[in-house]
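# Understanding the architecture of this molecule
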Amino acid sequence: MAEELRVVLRNYGKINPLNIDDYINAGGYKSLEKARSMSQMDVIQEVKKSGLRGRGGAGFNAGQKWMFAYQAQADQKYVICNADEGEPGTYKDRIIMESDPHSVLEGMAICGYAIGANKGYIYCRGEYPYVVDILNTAIAQAKAKGVLGEFDIEVRMGAGAYVCGEETALIESIEGSRGEPRYKPPFPPVSGLWGKPSIVNNVETFANIAIILEKGADWYASLGAPSYPGTKVLTLTGDVVNKKFIEVPTNTTIREVVYGFGGGIPGGKKFKAVQIGGTSGGFIPESLLDTPIDFDSMAAIGATLGSGAVLVMDETRDIVDVVERIAKFFEHESCGKCAPCREGTMRMYKLMSKVNKGQGTAKDVALMERLGRVMSVACLCGLGQAAPTPVLTTIKHFRADYDAKLQ
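Residues numbered from 1 in each chain as written. Predicted model: local features only at pLDDT ≥ 70, side-chain atom pairs only at ≥ 80, totals over all residues. Heavy atoms only, no water.

### Some details on the pattern of salt bridges
Considering all chains together, one arrives at 29 salt bridges under this definition. Note that aspartate 321 and arginine 325 form a salt bridge whose closest N and O atoms lie 3.2 Å from each other. Within this pair, aspartate 321 and its partner arginine 325 are both found in helix α13 (residues 319-333), separated by four residues, close to a single helical turn. Residue classification places arginine 325 among the exposed positions, given a relative accessible area of 58%. Put simply, Lys119, Lys143, Asp152, Glu154 and Arg156 are held in one network by salt bridges that share partners. (Salt bridge = Lys/Arg side-chain N within 4 Å of Asp/Glu carboxyl O. Helix = DSSP H or I, 4+ residues; strand = E, 2+ residues; numbered from the N terminus. Buried < 20%, exposed > 50% of the residue type's maximum accessible area, 1.4 Å probe, protein only.)

Here's what the structure looks like:
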């Protein structure tokens, strides 16, 4: 059986997160000191060589992203931590910030040194006010100790908009505007916050940085799947015996997650499906459970790793009913800026509702497939592009459930 490997959560339960001395005694801020003894380019190359890819939705190489911002010429640059953890069923960033906030601050400060930024923002989910208090306490302690040097960090709270998990919508929100995605290019490493080069990484990505500097790129690259090395923090919910969070190497299979760490399906019931990556993730049938959870393996089966949320459903769950509720969620959360998402999420919800009520036909299902394919390429941002994924994957893998409700 696969075993947990705690890299990001290395200090979980071992230190008092509100005592910076505990973090320092555990080796904290030594990596920042090490980074400052290296050239900016060497730090970026070390992160790039580690193979660390963003632990959000895009899976882009973190070091390469930093390189773009480093090469951009500007009088001001920014580092932004995306802590707007809005995916239903996901709480891994909250766990990291609650248990080890200084690891996030240290990762941001290392990034700031590498790209030449002296200002950072943490954009924290509005539903996490107590986490904001933890972060502000940690920032005050780090400033008092002088460990951050000239790098300053400020926390900004979101207001509950799901779309602000998208990096440019998040930037708009920090600037005081309505949270809507921007047209790209230019991308944030070239023109981000207030038009300045900005790196946006999420909490889990930044929490990986210090230990990569400490143990080296080769060590990190040797963990998990070669194309997506390291570990992933997963949160298990739904019809699974053990509802918990775990951190596992990225070559761990879905079956090991559900049946090994999760303990399988309770009540002697059979497995039906698992949705990974949050509300916009694909639905995975039993035949694909031996797929590793790394970004590329998941993409190959039409699924996503995303936020690491793992929602398990047993044989009694009505897949069509579940997907209708998800379609309603996206209709509500679409910011409305682009027509393919604004109209597409609304039409998709209406079609799903029609089918779920037993009033749909095979033509409606075919129309949903066509609409979903168009949205996946025509929508402006990741919200609209990923919104049809639950519909498309359930039509593909659970077609009988749809057929049973058609006229």
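So that's the structure; there's more coming.
### What to know about the sheet that holds strand β1 (residues 78-83)
Taken together, four strands build an open sheet; the order of strands is β3-β2-β1-β4 and the sheet is parallel. Looking at which strands have only one partner, the edges of the open sheet turn out to be β3 (152-157) and β4 (198-202). Ignoring strand direction, the axes of neighbouring strands in this sheet form an average angle of 20°. Sheet topology places β1 next to β4; five bridges connect them, and they run parallel. Note on β4: the bridge partner recorded for isoleucine 80 is valine 200. (Pairing = 2+ DSSP bridges. Axes fitted to C-alpha atoms, helices over the stretch in contact; angles between N-to-C directions.)

### Thoughts on the domain arrangement of the chain
Splitting the chain by domain gives domain 1 (20-222), domain 2 (231-314) and domain 3 (319-404). Each of domain 1 and domain 3 was reduced to a C-alpha centroid, and the two centroids are 33 Å apart. Contacts between domain 1 and domain 3 engage 12 residues on the former and eight residues on the latter. Counting the surface lost from both domain 1 and domain 3, the interface buries some 910 Å², and carbon and sulfur atoms represent 71% of this. (Domains from an automatic or database assignment. Contact = heavy atoms within 4.5 Å. Buried area = accessible area lost by both parts, 1.4 Å probe.)

### Concerning the packing of aromatic side chains
Under the defined criterion, the tally for this structure stands at 12 aromatic pairs. Plain terms: the ring middles of tyrosine 12 and phenylalanine 245 are 5.2 Å apart, the flat faces sit at 75° to each other, and that makes the pair edge-to-face. A residue pair is termed long-range when its members are at least 10 positions apart, and tyrosine 12 in the segment before α1 (20-25) and phenylalanine 245 in strand β8 (residues 245-249) qualify at 233 residues. Tyrosine 12 sits in the partly exposed class, given a relative accessible area of 33%. (Phe/Tyr/Trp six-rings, centres within 6.5 Å; stacked < 30°, edge-to-face > 60°.)

### Things to note about the packing of helix α14 (residues 339-356) against helix α15 (residues 362-378)
A pair of packed helices can be characterised by two numbers: the angle between their axes and the separation between those axes. The N-to-C vectors of α14 and α15 enclose an angle of 155°; their axes lie 10 Å apart at closest approach. If you check the angle between α14 and α15, you find them roughly antiparallel. Here the hand of the crossing between α14 and α15 comes out left-handed. For the pair α14 and α15, the contacting residues are Pro340, Gly344, Thr345, Arg347, Met348, Leu351, Met352, Lys354 and Val355 in the first and Asp364, Leu367, Met368, Leu371, Gly372, Met375 and Ala378 in the second. For the contact of α14 with α15, the residue count by class is 10 nonpolar, three polar and three charged. (Parallel < 35°, antiparallel > 145°, perpendicular 65-115°, else oblique. Left-handed = near helix turned anticlockwise from the far one by under 90°. Nonpolar A, V, L, I, M, F, W, Y, C, P; charged D, E, K, R; others polar.)

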